[in-house]
Amino acid sequence: MPLRTTASYNALIAGYFRNHLPDAALGLFHRMPSRDLGSYNALIAGLSLRRHTLPDAAAALASIPLPPSVVSFTSLLRGYVRHGLLADAIRLFHQMPERNHVTYTVLLGGFLDAGRVNEARKLFDEMPDKDVVARTAMLSGYCQAGRITEARALFDEMPKRNVVSWTAMISGYAQNGKVILARKLFEVMPDRNEVSWTAMLVGYIQAGHVEDAEDLFNAMPDHPVAACNAMMVGFGQHGMVDAAKAMFERMCARDDGTWSAMIKVYEQNEFLMEALSTFREMLCRGIRPNYTSFISILTVCAALATADYGRELHAAMLRCSFDTDVFAVSALITMYIKCGNLDKAKRVFNMFEPKDVVMWNSMITGYAQHGLGEEALGIFDDLRLARMAPDGITYIGVLTACSYTGKVKEGREIFNSMGMNSSIRLGAAHYSCMVDLLGRAGLVDEALDLINNMPVEPDAIIWGALMGACRMHKNAEIAEVAAKKLLELEPGSAGPYVLLSHIYTSTGRWEDASDMRKFISSRNLNKSPGCSWIEYNKMVHLFTSGDVLSHPEHAIILNMLEELDGLLMESGYSADGSFVLHDVDEEQKAQSLRYHSERQAVAYGLLKVPAGMPIRVMKNLRVCGDCHSAIKLITKITSREIILRDANRFHHFKDGLCSCRDYW
DNA sequence: CACCACCAAC
C-alpha cells in the first residue's frame, strides 16, 4: 500500500467538503496520522462553506496548535463574506496580524456584495499593492452598481489587463444596456475565452436581441454549458419554448443550471405541468436542485396553487438550507399566498431578516388579493416603521388593497403622498389602480377626470378599469367613451363589446344590446378559454368550460352538478341569465351556466375533499357573476368552505357569504 | 481572491 502524504490527505479533506460530505471530511481529519497547517486550513475553509458550521470554523482557527497563517484567517474571512456576515468579516479583518492582497480582495468582495461600493473603494485605495485581481473585482463592483463611467476609468488606468478584466468590462457594458459598446470591446480584446463569449451572448439576450444572440452562439468556437443555459433562457423569454427544449435535449453535459433554465422556460410560458414533470425528472436522476430551480418550481406551485406539493417543497428547502436566501423565501411566501395560506406566508415573512422591499411587496400584494385591506395597510405601516423605502410596486399593492375594500379616503391620501415622494415614478399602473378605486366606489366621473388629466398616456388597462366601473354602476354614457378608446387600443378583443352589450342590457337599451350581440357573433373575436382546476390526491384536475366529459369521473361530477342544481332551486335560486352574455369572453362556447369550469371544479371538490377541509379552486379568468352567487349559496347549503382564486383575487366563501363582499 | 449561466413581488 503506497504511503499517503499529509498533502494528499489535505486535498482529500477539501474535496469531501466541496462535494457536500462534511462528515467524511471531519472523519478523515481526525483519522489522519499527522496534521500540518495545511490540514487545519482545509478544515477551516471547509467549515466556512456552510453558515451553521461557521462558529466551528472560528473555533478551529482559535485552537490550531500551530501559529495560524494569513491563509487560515482569510479562509474564515471568506466564510463570513460568503454568508453576508459583513460585520464579523470587518472585525476579523482588523484583528488579523497580517494581510495579503487576497485578504483585501475577499473583504472588497464583501462590501461589493452588500452594495457598499464607496466603502469598497476606500478599502481598495488603502490596499498597498493592488494586483489585477483586486482591480478587476473593483471594476465589476462598479459595473454591478451601474457606475459604468467609474468602471471604465478604472479599466483605462489598469497597468495590466488580462482576459478576466476585459470580460468584466464587456459584461459591465452588456448588463447596463450598452450592448453596442460591449460588442466594440469584444471585437478588439486581445484574446477571448468561453466566459467572454458567454458574457457577450448574455448581453444580447438581456437586450432582447435573440437573433444576434443566436448568431453569436453559432459563431462560438465551443458551447459551454453556461452559454447554452443562457440561450435557453433567451428562447424562453421570447416564447420559443420548442427552441429551448431542442437545445436542452441536444445538450450532452447538463448542469443544475440547465435544469433550472428548462423549468424556468416552462414556468414563464405557462407550461406548468411540463415544468413540474421536468423538476420531478431532475430529482429522479439524482440531481440536487439548486436554489434557482426551487424558485422556479415554487413559482409554478404558486400559479397552480398546489398547496400540498408546495408544503413538500418548503420541507425540502429547509433540508437543503435554502431558507436563508431572500429570493427563495420571497418565492416561498408568494407560493403560500397564492395557495391561500396567508397564516403560513405571514409566519415565514416574520421569521426572515433582513427583509427586502420585494418581500414586503409580496406580503402587501398577497393581502390585497385576498381582499384584506386592513392587513395590507397594517403591513404598509410596518414597512414605514422599519424605515424601508417603498417602491412603485408597493404602492400598486396598497392601492389595490384600498380599491378592493372600498377605502377611498385612505387610497386618495396614499395616492397624493406618492406625488410628494420624488423617488417613486408614477406610472400608468398606479393610475389604473386609482381609476379602479374611484370607479368601484361609484365616482365614475372623478375617475374619468383623473384619466383626462394624467401625465402619461392612458393604456387599455386603465380604460378597462373605467369600463368595469361603468358596468358596475350602470353608466352607459361613460362606458361608450371607454369602449371606444379600448377598441382603438385593442381592436381584436371581444371584451369591450361584451361589456358594452352588458351595460346596454342592464340599462334597458335592448336594441343596442341586441345589435352588439349580433356584432359579436358575426365576428371571430379573441375569447380566452376559461378553465378551473383543483388539487386532489397530489394531482391537478383540470376542468374546461362546457366540457364535463373529458374528466374520467365525469359521471359522478354530472350527478353532483344536477344534485346541486336541485338544491339551489329549492332554496329559491334562479340563474342570472345576463351573465351568459357577459361570459362570452370568459368561457369559450359556454352552453349552460352549470357547466362553467368553476362549477365543475366545485362539484368535484365537494365529492372528494374530506368534510371540514376547505375546497380550494383556481380559475384562469375572473369568476363568473352567476357562479359567484351560486357558490355563495352552495357553501350555505352544504356547510362547506370554498376558496376560489380567480385571475385577479381570492374569494373566500363561507356560510353563504364571500370575503369580497360582492365587491370585485 | 476577480470575468459567464440558473433567481422572488406587479
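Source: prediction; values computed, not measured.

Thresholds, definitions, all that
- Residues numbered from 1 in each chain as written.
- Chains lettered and ligands numbered in written order.
- Predicted model: local features only at pLDDT ≥ 70, side-chain atom pairs only at ≥ 80, totals over all residues.
- Heavy atoms only, no water.
- Helix = DSSP H or I, 4+ residues; strand = E, 2+ residues; numbered from the N terminus.
- Buried < 20%, exposed > 50% of the residue type's maximum accessible area, 1.4 Å probe, protein only.
- Contact = heavy atoms within 4.5 Å.
- Areas by Shrake-Rupley, 256 points an atom, 1.4 Å probe, with all protein chains shown as cover.
- Lys, Arg positive; Asp, Glu negative; His and termini not counted.
- Charge placed at Lys NZ, Arg CZ, Asp CG, Glu CD.
- Near = heavy atom within 4 Å.
- Polar contact = N/O pair within 3.5 Å; in protein donor to acceptor, adjacent residues only side chain to side chain.
- Nonpolar A, V, L, I, M, F, W, Y, C, P; charged D, E, K, R; others polar.
- Salt bridge = Lys/Arg side-chain N within 4 Å of Asp/Glu carboxyl O.
- Axes fitted to C-alpha atoms, helices over the stretch in contact; angles between N-to-C directions.
- Parallel < 35°, antiparallel > 145°, perpendicular 65-115°, else oblique.
- Core = buried A, V, L, I, M, F, W, Y, C linked by side-chain atoms within 4.5 Å.
- Domains from an automatic or database assignment.
- Pairing = 2+ DSSP bridges.
- Right-handed = clockwise from strand over helix to strand, strands pointing away.
- UniProt positions renumbered as here; feature names shortened; annotations may be inferred.
- Phe/Tyr/Trp six-rings, centres within 6.5 Å; stacked < 30°, edge-to-face > 60°.
- Lys NZ or Arg CZ within 6 Å of the ring centre and 35° of its normal.

Peer 1: Is there a simple way to explain the overall build of chain A in this structure?
Peer 2: When helices and strands are counted, chain A shows 36 helices and six strands. Taking the principal axes of the C-alpha coordinates as reference, chain A spans close to 90 × 55 × 50 Å. Within chain A, the fraction of its 664 residues that count as buried is 49%. Relative to all contacts within chain A whose residues are 6 or more apart in sequence, the contacts with residues 24 or more apart total 61%. In the structure as shown, chain A presents an accessible area of about 31,400 Å², 54% of it carried by carbon and sulfur atoms. Side chains of chain A give 68 positive and 75 negative charges; the mean places of these two sets differ by 5 Å.

Peer 1: I would appreciate a short explanation of the protein's contact with DNA strand B in the present structure.
Peer 2: As a matter of local geometry, DNA strand B sits amid 41 residues, with K264, N290, S330, D356 and N361 nearest to it. A share of 49% is what sugar and phosphate atoms reach among the atoms of DNA strand B within 4 Å of the protein. Here a base nitrogen of DNA strand B sits 3.5 Å away from a polar atom, N or O, in the side chain of T136. In this structure, a base oxygen belonging to DNA strand B sits 2.8 Å away from a side-chain N or O atom of N290. Partitioning the surface near DNA strand B into residue classes produces 16 nonpolar, 19 polar and six charged.

Peer 1: Hey, could you run me through the pattern of salt bridges in this one?
Peer 2: Should their charged atoms come close, side chains of opposite charge can pair. Considering all chains together, one arrives at 19 salt bridges under this definition. The closest approach of N and O atoms between K122 and E126, which form a salt bridge, is 3.7 Å. Pair noted here: K122 and E126 are both in helix α8 (residues 117-126), with a separation of four residues, about one helical turn. Among the salt bridges present, the one from K407 reaches E374, with a minimum N-O distance of 2.7 Å. Of the two residues, K407 sits in the loop between α25 (392-404) and α26 (408-420) while E374 sits in helix α24 (residues 373-385), which places them 33 residues apart along the sequence. The exposure class assigned to E374 is exposed, which follows from its relative accessible area of 56%.

Peer 1: Can you help me understand the packing of helix α33 (residues 554-570) against helix α36 (residues 625-638) in this one?
Peer 2: Two measures define how a pair of helices packs: the angle their axes make with one another and the distance between the axes. Here α33 crosses α36 at 90 degrees, and the two axes come no closer than 10 Å. Classified by the angle their axes make, α33 and α36 are roughly perpendicular. Facing α33, whose interface residues are L564, L567 and L568, α36 presents A630, L633, I634 and I637. Residue classes in the contact of α33 with α36 are distributed as seven nonpolar, no polar and no charged.

Peer 1: Can you walk me through unusual backbone geometry in this structure?
Peer 2: Keep in mind that most residues, glycine aside, have a negative phi and that most peptide bonds are trans. Across the junction of E353 and P354, the peptide omega takes the value -10 degrees, indicating a cis bond. Note that P354 resides in the loop between α22 (342-351) and α23 (357-369). Of note, the phi angle at E270 is positive, near 60 degrees, even though the residue is not glycine. Note that E270 resides in the loop between α17 (256-268) and α18 (272-284). Residue classification places E270 among the exposed positions, given a relative accessible area of 66%. Phi at A305 is positive, roughly 55 degrees, even though this residue is not glycine. The exposure class assigned to A305 is buried, which follows from its relative accessible area of 4%.

Peer 1: Where do I start with the nonpolar core in this structure?
Peer 2: Across soluble globular proteins, nonpolar side chains show a tendency to be buried alongside one another. Membership of the largest hydrophobic core comes to 181 residues, with the highest contact counts inside it found for M138, L139, L201, M231, I333 and L466. Mapped onto the domain boundaries, this core takes at least three residues apiece from domain 1 (445-526) and domain 2 (531-658). Apart from the residues lying within four places of it in its own chain, the contact partners of M231 are L201, I205, V210, A213, E214, F217 and M247. Membership of the second largest hydrophobic core comes to 27 residues, among which are I534, L568, I634 and C658.

Peer 1: Explain the pairing of strand β5 (residues 650-654) to me, please; I cannot follow it from the model alone.
Peer 2: On any regular strand, side chains alternate: one points to one face of the sheet, the next to the other face. As paired elements, strand β4 (residues 642-645) and β5 share four bridges and run antiparallel to each other. Each bridged residue has a counterpart across the sheet, and for L644 the counterpart in β5 is H651. Hairpin connection from β4 to β5: four residues lie between these consecutive antiparallel strands. Bridging between β5 and strand β6 (residues 657-658) involves two bridges; their strand directions are antiparallel.

Peer 1: Teacher, can you tell me more about the pairing of β4 here?
Peer 2: Residues I642 and L644 point to one face of β4 and I643 and R645 to the other, with burial holding for every one of them. In terms of strand pairing, strand β3 (residues 615-619) meets β4 through four bridges, oriented parallel. Paired with I615 across the bridge in β4 is I642. With respect to chirality, the unit in which β3 leads through α36 into the neighbouring parallel β4 is right-handed.

Peer 1: What exactly am I supposed to notice about the sheet that holds β5 here?
Peer 2: Each strand in a sheet pairs with another by means of backbone hydrogen bonds, the pair being arranged parallel or else antiparallel. With respect to topology, six strands assemble into an open sheet ordered β2-β1-β3-β4-β5-β6, the strand pairing being mixed. At either margin of the open sheet sits one strand with a lone partner, and together these are β2 (539-544) and β6.

Peer 1: How should the UniProt feature "repeat: PPR" (unreviewed entry) in chain A be read in this particular structure?
Peer 2: The feature "repeat: PPR" (unreviewed entry), as given by UniProt, occupies residues 5-39, 69-103, 131-165, 193-227, 255-289 and 356-390 in the numbering adopted here. Measuring from the first to the last C-alpha atom of residues 5-39 gives 11 Å, for a span that is 74% helix and 0% strand. End-to-end, the C-alpha atoms of residues 69-103 are 12 Å apart, and along that stretch the chain is 74% helix and 0% strand.

Peer 1: Is there a simple way to think about the packing of aromatic side chains in this case?
Peer 2: Geometry of an aromatic ring pair is reported as the spacing of the ring centres plus the angle between the planes. Taken as a whole and judged by the stated rule, the model has 12 aromatic pairs. Where F248 meets W259, the ring centres are 5.1 Å apart and the plane angle is 85 degrees; that geometry is what we call edge-to-face. Taken together, the residues F248 in helix α16 (residues 241-250) and W259 in helix α17 connect sequence positions 11 residues apart. Across the pair, W259 and F248 agree in class, each one buried. The ring of F248 carries R254 above its face, with NZ or CZ at 4.0 Å from the centroid.

Peer 1: How do you make sense of the side chain of T635 when you look at a structure like this?
Peer 2: Of note, T635 is situated in helix α36. Judged by its relative accessible area of 0%, T635 falls in the buried class. Separated by 2.6 Å, the side chain of T635 and the backbone oxygen of K632 make a polar contact. If we skip the residues at most four places from it in the chain, T635 touches R640, I642, F653, K654, D655, G656 and L657.

Peer 1: Help me understand the environment of G392 in this model?
Peer 2: Tracing the backbone shows G392 in helix α25. For G392, a relative accessible area of 21% gives the class partly exposed. Distance in space between the C-alpha atoms of G392 and N350 is 22 Å, their sequence separation being 42 residues. Filtering out sequence-adjacent residues up to four positions away, G392 remains in contact with I424 and H430.

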